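Residues per chain are reported as follows:
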Amino acid sequence: MSTELLKEIATCIERGKVNAASPYPPDMKGKEGADELVKKALDQGIPASEILEKALIVGMSAIGQKFSRNEVFVPDVLMAAKAMQAAMKHLRPFFDSGEAKHRGTFIIGTVQGDLHDIGKNLVAMVIEGGGYKVVDLGVDVSPEKFVDAVKQNPGASVGLSALLTTTMINMEKTVKLVKEAMPGTKVIVGGAPLTQEFADKIGADAYSPDPQGALEFLNRTN
Amino acid sequence: MSTELLKEIATCIERGKVNAASPYPPDMKGKEGADELVKKALDQGIPASEILEKALIVGMSAIGQKFSRNEVFVPDVLMAAKAMQAAMKHLRPFFDSGEAKHRGTFIIGTVQGDLHDIGKNLVAMVIEGGGYKVVDLGVDVSPEKFVDAVKQNPGASVGLSALLTTTMINMEKTVKLVKEAMPGTKVIVGGAPLTQEFADKIGADAYSPDPQGALEFLNRTN
Amino acid sequence: MKKFSSLAISKADELVFGVSPNPVEVKPGFVVGAGETFPELNYILPHGSEVSHATMDQVEHVYGEMAKGALERAARLGIEHFVIEVEQVFEMTAYPEWGERIARVTREAIQQYEDKGVHAALRMTIADIRDRVRPPRNRTSTETSLVLESFERCAPYADILAIESTGGKEVHDPALLMCDSGGVVFALGELASRDMAFLWEKIVSIAKKHGKIAGGDAACGFANTAMQLANKRMIPTVFAAMVRAVGAARSLVAVECGATGPDKDCAYEGPMLKAIAGIPIAMEGKSAACAHSSRIGNVAMSCCDLWSNESVPYVRLFGGYSPEVCLEELWYDCKLLNESRRHGQERVLRDLLVSSDVRTSVEALMLAPESVIRISRAIISSEDYLERALRAAVEAIAIIEEAVANGTSQVPESELVWLDQMKLGLEPVQSSSGKAVDHYAAFYPDFIPSEYGL
Amino acid sequence: MKKFSSLAISKADELVFGVSPNPVEVKPGFVVGAGETFPELNYILPHGSEVSHATMDQVEHVYGEMAKGALERAARLGIEHFVIEVEQVFEMTAYPEWGERIARVTREAIQQYEDKGVHAALRMTIADIRDRVRPPRNRTSTETSLVLESFERCAPYADILAIESTGGKEVHDPALLMCDSGGVVFALGELASRDMAFLWEKIVSIAKKHGKIAGGDAACGFANTAMQLANKRMIPTVFAAMVRAVGAARSLVAVECGATGPDKDCAYEGPMLKAIAGIPIAMEGKSAACAHSSRIGNVAMSCCDLWSNESVPYVRLFGGYSPEVCLEELWYDCKLLNESRRHGQERVLRDLLVSSDVRTSVEALMLAPESVIRISRAIISSEDYLERALRAAVEAIAIIEEAVANGTSQVPESELVWLDQMKLGLEPVQSSSGKAVDHYAAFYPDFIPSEYGL
Ligand code: B12
Ligand code: B12
């Protein structure tokens, strides 16, 4: 039954079961994973788009919701993302372009002078999980680099992260240059020392204290 | 000996010994005070100006310095001020005008919406002790009242006090109106929630966390 | 009106944090004074905020954010019970509908967290704006009715009602700056007490009508002001210490009118009220350093039932916004207190809290359990307002003198002379009450006797 | 290089605040670890400040103001000894002359208060900017020489030198997010330890040259990060607890290279260092809520010798500027600790501090004296960096499992499965060290083995 199989795949995604060889999660040890099952589904003739929508997205959003409710942890989500990747490997050839299914592009980086990237990486992960293409520029990113990225990805939104009170200030310049180079670009900022007031002051379009907020913002504006 | 007598008067001022009837300070109980001794000095033909400079000002600045060094308390200074008043009663007729000796005029008040006045009163007292005429407008003073007072006292400096974070904001308007009505008027602000940055932001000329700072500012600008 | 003639707690050993003879259930299931100490969090708008018609929407929003931030932290840390105090600023009382909006938005935030296991109680503290008129017309001004209207409007959203009333302040302020001990006794014992009797009868009946708790009325504008002035070395600490004792005689009036506690945090006279009337009390100390410096940061904790930060402006720190940060700190303090009780070590901890401050401060000495009992006993030894305030002053001075003699509390050299001055200063109130009025009316002409029923 | 094979403190009962087997005189007459606990104050520029050529004059001014404000408060309250920690921000290390200016202005402020009876010591913590290059070239980059130059330039003005080095972070960060326990052990045990050996030999020789104290190097970017992530429920608290234990194995390297303490506050592995090496330690907890939320606010105090606020941005509060406020709070905490020692009650107080946190947090459990001794013993049972980190991890997991079984510490349901995962994850490091390198180089390709001498 194809519904059964799709359910199984969704479970593999949600539980982060990559393939038969993977020891995670321990209670699924030895069983087939997303890798094998997606191949099987294609072999059975289930359309790629159906697998994507009824299994992969279902599994990812299940884990995403659990994460929002604090029922699971980041590694769970990361494992799910790995299972997703393994699955997408088989599906990608069936879509015109790997990007066709993206809801939009999100350029993210930690601003100049700042090396903190754990928060930024989490944001990137959640946004990616939300169906966006993420261009991660890394840490200590100059305003100019952001501008280049925006030019290369017309229509993309931008996320800036800063954890230091002394680097927050670099956001202002970045926002300015990005908006000059590509008017209409939406910029969202975040990081522990930031506030809505600061975001307003420097002319950013949004501030969010967490990745979920960033995703909601993108969903609203894309 | 006139120097002896002047020294005695200075001591009465410094110790806050008003007159013979006053029980303060206890160790001078029954002795003559500033009141009697200044009269005696005038009777002996010592010039009023000499009494003022060599006794009154000497006594007041002695207590003022002790206060700055935290060796005495506000009541000591207040008692000294009372003794000073008692002494001035006799001297005033000898000067053309009671204000002749003033170094300048200082208008002070607590801003609109704010009823805290202990700090403001202390500032007023110290400024008065420093040789200025003080016009105290009280508490909950509207910007318009400050403007009226400035118009009535051309050349006066203005001090604004605020203790509430919600009334600080009223300083901005006051500073603006005062400076419009009488350009060049120096305004100093103070009170627990204030900062130098805030003072800068609202266009005040100075901020001081204590009365001494206000006095120094007036001495610099008058 | 009820007067106390015996102490609810008569042994110093029984004056301990977390328990009071007459616990109060501030909301269903949340009882203060029955064995546990809870945080009381107080926060206020950021520096430079304006409260006006134009800004009220934003102000209301910020109050909502402040409450939610604190409640979210509580949920995370597992803080089941705490009190949020909203101390109104001037404008919120002057425009009672504004105060009501703030009370409502806070209550709504609290309700959102009930099913997350956080049960917060709301204390609404109305601003005493009667003092806006100078000399104040405490009974007959529009301000008086605005204050009462504010109580009425906030009561539906609040659990506890409170105020820091200012009656007598027009005499107390100059008396304080002159270190006139008699003037202080007169202001607090005669004027403030009479004014509180006038006011609290009304507050209690509003609370009753709405089924809410009439908390208390701390002598903030008096004892706390004295402490601030002493901190800045404007007046001697021995004088400030005495004011605290006298303040207790005044603040008892709220309880006599029917207030049940938890008492307000702001003036530290709570321990006497707990000893006399057995009500639970809020106190503030080291974790209120954000609001003011003190010399009584530890001793203040020794018999609290609620532990407060007094007031913090809303600012962003690395660890979150200031209200959340303060709540977390208060909670850790409470955890230690509560843990000591669980292990039967509460007296050991209490004594350490007391002795760590008392050695170097006579202001702290006033709050040592033995002193509290002595001052409380002095207060109930008379039913006359002025007389009991006077006896509190005399006892306080005696306690200080003994401590100085025994070397148990250090007093700076420069202050010693003031002990005699303070005794001298009491002379005018040592005569009969009627004469005292005349005496002080001459000295401090800025009060209107009829506004005190005199 | 010295390796420890026995514990300086082998009985849990002897692990108490205020005393350490090897006290350190941080400046003449100011000895840490000899019976008293002192505040360590850390402050930083206001949010949104810029540090650049254009602003350096202003930045220097603000640092002067922050120091003077705190020192003035100390003078008022009678705080004779405390430590000021200046934790450099990035730019101050990147431009070592800027860092030097900040060190100098702080030293000058301290000197102004010497004859007012305030004797503050200055800890200069250099920022580890080597991590600016990705993947970091910890031994060969310009950043490495800037870090060392900063130590040289600041040493003349400082009393204590410190850093929170970041070696191994490029592996630790992803391992943390994956909750890969073996990756954490490898990052801290192999990479970080080797890097610290490289770095600390140099820091100790700079300190010696200038006659200053080589303090220590906390695993902030590792254990503290883990705690933050656990606070935000990103990773399980059981995992964060384990990271703390492993961090201790890493941070011991500084001491092996000659650091004498007081250790840095930031990662809470100090108690293990105190037990193993007998050095005095700085800790932070509830009074560092301004810097971050935690579940270990009280237990962290239980064996500190310096008590720190971690970091507060310069803001105005009612009670003064934030550094003054924090200092006052820390001081009250220290007063209580010191008072308990005066009365021989320090163990009672310590046990209350411990038990008030341990019941609800396995992160707190790691800092309970018995756990500290067990983990410390596990660490010294091997001389091999990787092996001792592994043993610390195994011991930590065992401690947690026992506590869960006995019900002494609560662990959320959702975390229980992670204990098994963590044990599973250790497998790759349980084989020999050489193989571990290959294994993790494949898994976390973003580190350069030669930069660790591998
Ligand atoms: C005393 C006091 C009162 C008294 C006021 C008595 C009086 N006549 O002034 C009473 C009880 C009436 C009162 C009322 C209120 N208060 Co009040 N009060 C205080 C208290 C305890 C002490 C203030 C004080 O006198 N300090 C001592 C003096 C000497 O210091 P100072 O005023 O700072 O002045 C010094 C310097 O600032 C400077 N200075 C002052 N003015 C100027 C001016 C110039 C030009 C210069 C150069 C220098 C300068 O020099 C002075 C001497 O060194 C503070 C607590 C605190 N931590 O400060 C709260 C406090 C200021 N009050 C507060 C509040 C909320 C109120 C009320 C709204 C309370 C209520 N719910 O009813 C009302 C508001 C009334 C109103 N609209 O003004 C809050 C303010 C919070 C906020 N957001 O702003 C505080 C901080 C208490 C708290 N909750 O933490 N208060
Ligand atoms: C981990 C850490 C480090 C690690 C960084 C590791 C890494 N790869 O990122 C290391 C050790 C390298 C480090 C170095 C330094 N650090 Co550091 N560090 C921390 C620490 C402990 C945790 C930060 C963290 O990862 N939090 C967990 C993540 C998940 O939270 P987050 O970053 O806030 O991200 C969340 C949100 O903010 C949001 N978010 C983040 N970015 C974005 C972006 C967008 C668009 C959106 C919408 C949302 C969003 O979503 C995330 C998930 O919820 C903090 C302490 C603290 N209380 O925060 C100090 C802290 C930030 N560091 C500090 C300092 C001073 C430094 C150093 C200068 C220390 C030194 N002396 O060497 C250097 C500076 C290096 C540099 N130039 O950047 C200070 C900052 C003080 C200040 N004035 O700014 C802090 C506050 C510690 C302290 N002293 O109190 N640090």
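For every chain, the first residue of the written sequence is number 1, and numbering continues from 1 onward in sequence order. Throughout, the order in which chains and ligands are written sets their labels, letters from A for the former and numbers from 1 for the latter. Local features in a predicted model are, by the rule used here, given only for residues with pLDDT of at least 70; side-chain atom pairs are given and counted only at 80 or more, and totals for whole chains, interfaces and linings are based on all residues. The side-chain values count all of the structure's non-hydrogen atoms but skip hydrogen atoms and water molecules.

Student: Looking at this model, I keep getting lost on the coordination of the cobalt atom of ligand 2. Mind explaining?
Tutor: Four donors placed tetrahedrally about a metal ideally form angles of 109.5 degrees, and six donors placed octahedrally ideally form angles of 90 or 180 degrees. For Na, K and Ca the donor cutoff is 3.2 Å, while for all other metals N, O and S atoms count as donors only within 2.8 Å; water does not appear among the atoms, so some sites may look incomplete. Coordination of the cobalt atom of ligand 2 by the protein comes from a single atom, His-116 of chain A (NE2), at 2.3 Å. Relative to the helices and strands, His-116 of chain A is located in the loop between strand S1 (105-110) and helix H5 (118-129). For the purposes of this entry, the term helix denotes a DSSP run of H or I that reaches at least four residues, the term strand denotes a run of E that reaches at least two, and both are numbered from the N terminus.

Student: Can you walk me through the relation of the copies chain D and chain C in this structure?
Tutor: Between the two copies of the chain lies a relationship made up of a rotation around an axis and a movement along it. Here the copies are matched by least squares. The fit uses the C-alpha atoms of residues with pLDDT of at least 70 in both. Under the fitted operation, chain D is carried onto chain C by 0.0 Å of movement along the axis and a turn of 180°, and the coordinates agree to an RMSD of 0.0 Å. The symmetry that links the two subunits is that of a two-fold axis. For chain D, the residue whose C-alpha comes nearest the rotation axis is Leu-349 of chain D, separated from it by 3.6 Å. It only takes one pair of heavy atoms within 4.5 Å for two residues to be counted as in contact. A shared interface surface links the copies, since 98% of the contact residues of chain D are contact residues in chain C too.

Student: When you look at the sheet that holds strand S3 (residues 157-161) of chain B in this model, what are you seeing that I'm missing?
Tutor: The strands that make up a sheet pair up through hydrogen bonds in the backbone, lying either parallel or antiparallel. Residues and elements named next belong to chain B. Two strands make a pair as long as DSSP finds a minimum of two bridges between them. The strand order across the open sheet built from five strands is S2-S1-S3-S4-S5, with neighbouring strands paired in parallel fashion. Each having just a single partner strand, strand S2 (133-136) and strand S5 (206-207) make up the two edges of the open sheet. Across four bridges, S3 lies against strand S4 (residues 187-190) in parallel orientation. What sits directly across from Leu-160, in S4, is Val-189.

Student: Any chance you could explain empty space enclosed by the protein here in plain terms?
Tutor: Empty space among the atoms becomes visible once a probe the size of a water molecule is rolled across them. Put simply, the grid is 1 Å and covers the protein atoms alone, a cavity is a trapped set of points that fit a 1.4 Å probe, a pocket is an open set with protein on both sides within 12 Å along at least five of seven lines, and lining residues have an atom within 4 Å of a point. Grid points are joined across faces, edges and corners, and a volume is the space filled by probe spheres set on the points. Going through the model one piece at a time under the given rule, you end up with two cavities of 30 Å³ or more. Of the pockets and cavities examined, the largest cavity occupies roughly 170 Å³. Considering the residues around the largest cavity, the lining is formed by 17 residues, among which Cys-290, Leu-317 and Val-325 of chain C together with Leu-317 and Glu-329 of chain D are closest to the centre. Of all the secondary structure elements, the ones that give two or more residues to the lining of the largest cavity are helix H10 (322-342) of chain C together with helix H10 (322-342) of chain D. Gly is put with the polar residues, along with every residue not named as nonpolar or charged; the nonpolar set is Ala, Val, Leu, Ile, Met, Phe, Trp, Tyr, Cys and Pro, and the charged set is Asp, Glu, Lys and Arg. When the residues that make up the lining of the largest cavity are grouped by side-chain class, the tally is twelve nonpolar, three polar and two charged. When its volume is computed, the second largest cavity comes out at roughly 60 Å³. Lining the second largest cavity, in full, are Lys-286, Met-301, Asp-333, Leu-336, Leu-337 and Leu-353 of chain C together with Lys-286, Asn-298, Met-301, Asp-333 and Leu-336 of chain D. For the lining of the second largest cavity, the secondary-structure elements that each account for two or more residues are H10 of chain C together with H10 of chain D. The residue makeup of the lining of the second largest cavity, split by class, is six nonpolar, one polar and four charged.

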